[in-house]
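# Examining the three-dimensional arrangement
One-letter residues, chain by chain:
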Amino acid sequence: MVPWRQKPIVLRNLRTDDAPRLARLHANAFHRGWGEDEFEQLIASASSVGEGAAFSERGNLQGFVLSRIAATEAEILSIVVDPTARRKGVARALLSHHLERLRERSARELFLEVDEGNSAALAFYENFDLKPVASRQAYYPRASGERGTALILRRALD
Ligand SMILES: CC(C)(COP(=O)(O)OP(=O)(O)OC[C@H]1O[C@@H](n2cnc3c(N)ncnc32)[C@H](O)[C@@H]1OP(=O)(O)O)[C@@H](O)C(=O)NCCC(=O)NCCS
């Protein structure tokens with residue numbers, strides 16, 4: 001049997017008809033999900049760049065990354081991997097490819113916001129040299145009613 005880690009990860013650009021799947025993946029991961037309409041609009045926008053990952057050419061998307069670009073700054077709006085597909089290199093494959101696409105679109109800096117309590121995401125981003133440059137207090141709504149601090153991470157895209 002082929003171990004999961006050696007399974008191929010197939011990447012492709014997001015399409016507007018991926019919106020329902022992306023909304024489900026997002027709602028599984030975050031307390032406040034985004035609707036299908038929001039995803040559809042984001043994917044259709046000329047300033048957006050997004051890719052999805054599956055384990056086969058026609059397989060369901062197991063994860064996605066979506067950014068928007070303004071001038072030379074890119075911001076990752078969301079990166080999510082289905083809970084059943086985590087720790088198999090899906091997000092690493094997505095972000096590695098995504099950085100190339102952002103560079104092709106002339107982005108020179110990358111930013112994103114992450115909940116300071118999201119240790120998995122912070123460990124993941126550290127591999128990509130994304131470093132905290134600022135924070136926003138009481139930013140993320142949590143199921144408990146409390147609000148978590150957001151860290152702003154940045155890296156150059158040279
Ligand atoms: C963060 C997330 C996208 C990572 O996706 P993933 O496909 O599981 O990540 P990968 O398998 O590509 O991991 C690459 C590396 O990141 C680090 N990493 C990923 N998840 C980790 C975790 N739970 N704990 C510690 N390190 C982790 C490891 O260094 C890992 O390499 P390794 O598996 O060889 O040790 C995923 O956990 C997720 O979807 N979380 C919910 C949504 C989210 O928080 N998104 C980011 C919000 S800003």
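Right above here is the structure, for reference.
I will try to describe carefully the structure that is included in this document. All values reported here derive from a predicted model rather than from experimental measurement. (Residues numbered from 1 in each chain as written. Predicted model: local features only at pLDDT ≥ 70, side-chain atom pairs only at ≥ 80, totals over all residues. Heavy atoms only, no water.)

### Focus: the layout of surface pockets
Any space left empty among the atoms is revealed by the rolling of a water-sized probe across them. Note the following rule: Using a 1 Å grid laid over the protein atoms alone, points where a 1.4 Å probe fits but cannot get out form a cavity; open sets with protein on both sides within 12 Å along at least 5 of 7 lines form a pocket; any residue with an atom within 4 Å of a point counts as lining. Grid points are joined across faces, edges and corners, and a volume is the space filled by probe spheres set on the points. Helical segments are the DSSP runs of H or I of at least four residues, strand segments are the runs of E of at least two, and each set is numbered from the N terminus.
Computed from the structure, the largest pocket encloses a volume of approximately 1,400 Å³. Lining the largest pocket are 41 residues, with Phe30, Ile79, Asn118, Ala121 and Tyr125 sitting closest to its centre. Where the lining of the largest pocket is concerned, the elements lending two or more residues are α1 (19-29), α2 (36-44), β4 (73-81), α3 (90-104), β5 (109-115), α4 (119-126) and β6 (131-141). In terms of residue count, the dominant contributor to the lining of the largest pocket is β4 (seven residues).

### Topic: the sheet that holds β6
Our working definition: Strand pairing is defined by DSSP finding a minimum of two bridges between the two strands. Angular values range over 0 to 180 degrees, each being the angle between N-to-C directions of two axes fitted as lines to C-alpha atoms, with helices fitted over their stretch in contact. By definition, residues are in contact when any of their heavy atoms lie within 4.5 Å.
One open sheet accounts for seven strands, arranged β1-β2-β3-β4-β5-β7-β6; its pairing is mixed. A strand with exactly one partner marks an edge of an open sheet, and here the two such strands are β1 (10-13) and β6. In this sheet, neighbouring strand axes are inclined to one another by 25° on average, regardless of whether the strands run parallel or antiparallel. As judged from the six bridges shared by strand β2 (residues 48-54) and strand β3 (residues 63-70), these two strands associate in the antiparallel manner. In the strand pairing of β3, glycine 52 is matched with phenylalanine 64. Contacts from α3 reach β1, β2, β3, β4, β5 and β7 (147-156), with the element oriented near 150° to β2. Together, β4, β5 and β7 form the strand contacts of α4, whose direction differs from that of β5 by roughly 160°.

### Quick word on unusual backbone geometry
The backbone of serine 106 shows a phi angle near 75°, a positive value even though the residue is not glycine. On the secondary structure map, serine 106 appears in the loop between α3 and β5. The phi dihedral of aspartate 129 is positive, around 65°, even though this residue is not glycine. Note that aspartate 129 resides in the loop between α4 and β6.

What is shown is where atoms sit, not what they do.
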